[in-house]
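Listed below, chain by chain, are the residues.
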Amino acid sequence: MNVAIRINGRAPAWPVLLENEHPFYAPYSPGSLASVSYSILAYEESVPENKLWETVVDAGHNTVPSLIQHGNRIPETILLTHAHNDHVLGVDWIVQSYYFKHRKSKKYPLYSTKEVWYSFIQLFPYLQDIIAHTELLPGRKTLIKETGNMFVTAFPVYHGESARGASMLFFEGEGLQPAIISGDLLCPLLRKKDYQTLNRARVMFVDTNNRYPDPLSNHTSFTSRLPGKKEKADKLTMWFNSTSLKRLVDPHICSNCHTSIRHYFDEFMTDWKQVSDVPHTILELNKLLKIPEVYLVHYFGYYDRINYSEDLMNTHMLEKWANNCAKEMNMYEEIFKVPQVGELINL
Ligand SMILES: [Zn+2]
Ligand SMILES: [Zn+2]
């Protein structure tokens with residue numbers, strides 16, 4: 001059996017703002033405008049078109065047209081990193097396809113943290129009765145039953161107060177190389193020991209909304225430096241001075257929380273002393289994780305333009321720029337890539 005990740009889309013919430021153009025996104029291609037989403041697929045090597053199972057991670061704008069274009073099958077299950085529109089708008093279409101296929105007698109399996117589920121159900125209350133939800137607990141390995149042999153662990157991230165329960169997802173299992181899908185994040189909320197788990201990953205897909213820091217956008221940036229300089233951006237320093245670890249943790253804490261959630265964050269608060277110690281950029285994160293292949297997705301670029309007067313980039317420019325930045329920081333070279341929509345990456 002082979003397992004691969006297919007890119008169903010790689011765009012942020014608003015890849016091309018109306019009345020604008022963006023060199024990264026082709027305006028007439030639905031695939032190009034599709035929100036970031038992935039299918040993890042298993043298939044026999046001899047018959048790659050015959051999929052044994054497929055699990056989708058996030059489904060936003062144009063995810064379903066992309067699924068129709070690439071094989072047109074109903075995924076066995078969906079996993080959600082968080083419940084922002086560009087990650088969930090396609091869920092209804094997938095769930096209804098399954099519900100009709102099974103003559104309205106079978107609930108669709110969906111995995112996420114409880115806080116993501118609550119936010120999702122507020123957006124789509126009518127789906128509550130036709131989805132079978134499995135809760136992901138932070139740092140706890142869960143079997144995705146529909147795959148038979150793949151496990152997922154949700155690791156909390158901070159992505160603003162509106163992204164309650166947001167998590168990066170770590171996949172592992174027999175016959176596949178471990179992989180990380182970051183979802184959207186400003187910073188990960190990992191305990192020190194989680195870095196040992198995560199650095200087993202061979203591949204990571206990471207939110208690259210911004211090249212340069214803008215913590216108030218609730219997205220990480222690629223580098224902490226100012227454009228063309230070695231100094232750290234003031235925006236990061238201001239953020240570190242104005243926030244607390246407790247504030248980062250708050251979107252994960254609820255009144256009737258599972259005790260293991262509180263326990264996870266007690267450990268997190270013990271491990272880290274201040275917000276500035278937590279990695280806030282892709283370069284810092286990968287310095288700790290040392291993942292050999294990192295795919296950049298969810299590129300927006302408009303914050304770089306507003307804050308730093310930096311031009312928007314196309315795919316080739318972004319890839320080249322990212323690898324040059326890494327080189328300047330004496331990190332491994334050429335590990336950063338921009339994936340193509342429809343591209344299959346073997347695990
Ligand atoms: Zn997003
Ligand atoms: Zn988001």
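Only a predicted model underlies this, so the values are computations on that prediction, with no experimental measurement involved.

Each value, and the rule that gives it
- Residues numbered from 1 in each chain as written.
- Chains lettered and ligands numbered in written order.
- Predicted model: local features only at pLDDT ≥ 70, side-chain atom pairs only at ≥ 80, totals over all residues.
- Heavy atoms only, no water.
- Donors = N, O, S within 2.8 Å, 3.2 Å for Na, K, Ca; no water.
- Tetrahedral: all angles 85-135°; square planar, octahedral: opposite > 155°, others 65-115°.
- Helix = DSSP H or I, 4+ residues; strand = E, 2+ residues; numbered from the N terminus.
- Buried < 20%, exposed > 50% of the residue type's maximum accessible area, 1.4 Å probe, protein only.
- Expected span 1.5 Å × (residues − 1).
- Contact = heavy atoms within 4.5 Å.
- Polar contact = N/O pair within 3.5 Å; in protein donor to acceptor, adjacent residues only side chain to side chain.
- Salt bridge = Lys/Arg side-chain N within 4 Å of Asp/Glu carboxyl O.
- Phe/Tyr/Trp six-rings, centres within 6.5 Å; stacked < 30°, edge-to-face > 60°.
- Lys NZ or Arg CZ within 6 Å of the ring centre and 35° of its normal.
- Pairing = 2+ DSSP bridges.

Chemist: Outline the coordination of the zinc ion (ligand 1), supporting the account with residue identities and numerical values.
Modeler: The coordination sphere of the zinc ion (ligand 1), as far as protein atoms go, consists of D86 (OD), H87 (NE2), D184 (OD) and H298 (NE2), spread over 2.1 to 2.2 Å. Coordination at the zinc ion (ligand 1) comes from four donor atoms whose angles at the metal span 89 to 165 degrees, giving a geometry best classed as irregular. Each donor residue of the zinc ion (ligand 1) lies on one chain, and together they are spaced D-H-x96-D-x113-H. Taken as an interatomic distance, the gap from the zinc ion (ligand 1) to the zinc ion (ligand 2) is 3.5 Å; D184 donates to each of them. Placement of D86 in helix α3 (residues 85-88) and of D184 in the loop between β10 (176-181) and β11 (187-188) is noted, with a sequence separation of 98 residues between them. Accessibility expressed as a relative area gives 5% for D86, which makes it buried.

Chemist: Go over helix α12 (residues 315-328) with me, naming the residues and quoting the values.
Modeler: The end-to-end C-alpha distance of α12 is 20 Å, a good match for the 20 Å that 14 residues give at a rise of 1.5 Å each. When α12 is considered as a whole, its buried residues turn out to be L318, W321, A322, N323, C325 and A326. Residues of α12 that are buried sit in contact with α10 (282-289), β13 (293-297) and β14 (336-337). The N-capping residue of α12, defined by a side-chain oxygen 3.2 Å from the backbone nitrogen of H316, is N314. Where α12 terminates, the next one or two residues include N330, which has phi positive at roughly 60 degrees.

Chemist: Before we move on, could you go through the pattern of salt bridges and cite the residues and values that matter?
Modeler: With the rule as written, the count across this model stands at 13 salt bridges. A salt bridge links E54 to R73, with the nearest nitrogen and oxygen atoms 3.3 Å apart. Here R73 lies in the loop between α2 (63-69) and β4 (77-79) and E54 lies in strand β3 (residues 51-57), a separation of 19 residues in the sequence. A residue is classified by how much of its surface remains accessible, and E54, at 2% relative accessible area, is buried. Judged by its relative accessible area of 24%, R73 is partly exposed. The closest approach of N and O atoms between E267 and R191, which form a salt bridge, is 2.6 Å. Here R191 lies in the loop between β11 and α6 (192-198) and E267 lies in helix α9 (residues 259-271), a separation of 76 residues in the sequence. Residue R191 is classed as buried on the basis of its relative accessible area of 9%. Members of the salt-bridge network, linked through shared partners, are R6, E54, R73 and E76.

Chemist: With reference to specific residues and values, describe the packing of aromatic side chains.
Modeler: Under the criterion given, the structure shown has 19 aromatic pairs. Ring centres of F124 and Y126 lie 6.3 Å apart, and the angle between their planes is 75 degrees; this geometry places the pair in the edge-to-face category. Between F222 and F336 the ring centres are 4.9 Å apart and the planes differ by 75 degrees, which places this aromatic pair in the edge-to-face class. One end of the pair, F222, is in the loop between β12 (203-207) and α7 (234-242); the other, F336, is in strand β14, with 114 residues separating them in the sequence. The pair F222 / F336 is uniform in exposure class, with both members buried. Chaining the aromatic ring pairs together yields one cluster made of Y212, F222, Y308, W321 and F336. Over the face of the ring belonging to F151 we find K141, whose NZ or CZ atom lies 4.9 Å from the ring centre.

Chemist: Please provide a residue-by-residue account of the pairing of strand β2 (residues 37-43), values included.
Modeler: Judged by how many residues are buried, β2 sits mostly within the fold: seven of seven residues are covered. Of the two faces of β2, the one holding S37, S39, L41 and Y43 and the one holding Y38, I40 and A42 are both buried throughout. The sheet contact formed by strand β1 (residues 2-9) and β2 spans seven bridges and is antiparallel. Bridging from a neighbouring strand, V3 pairs with A42 of β2.

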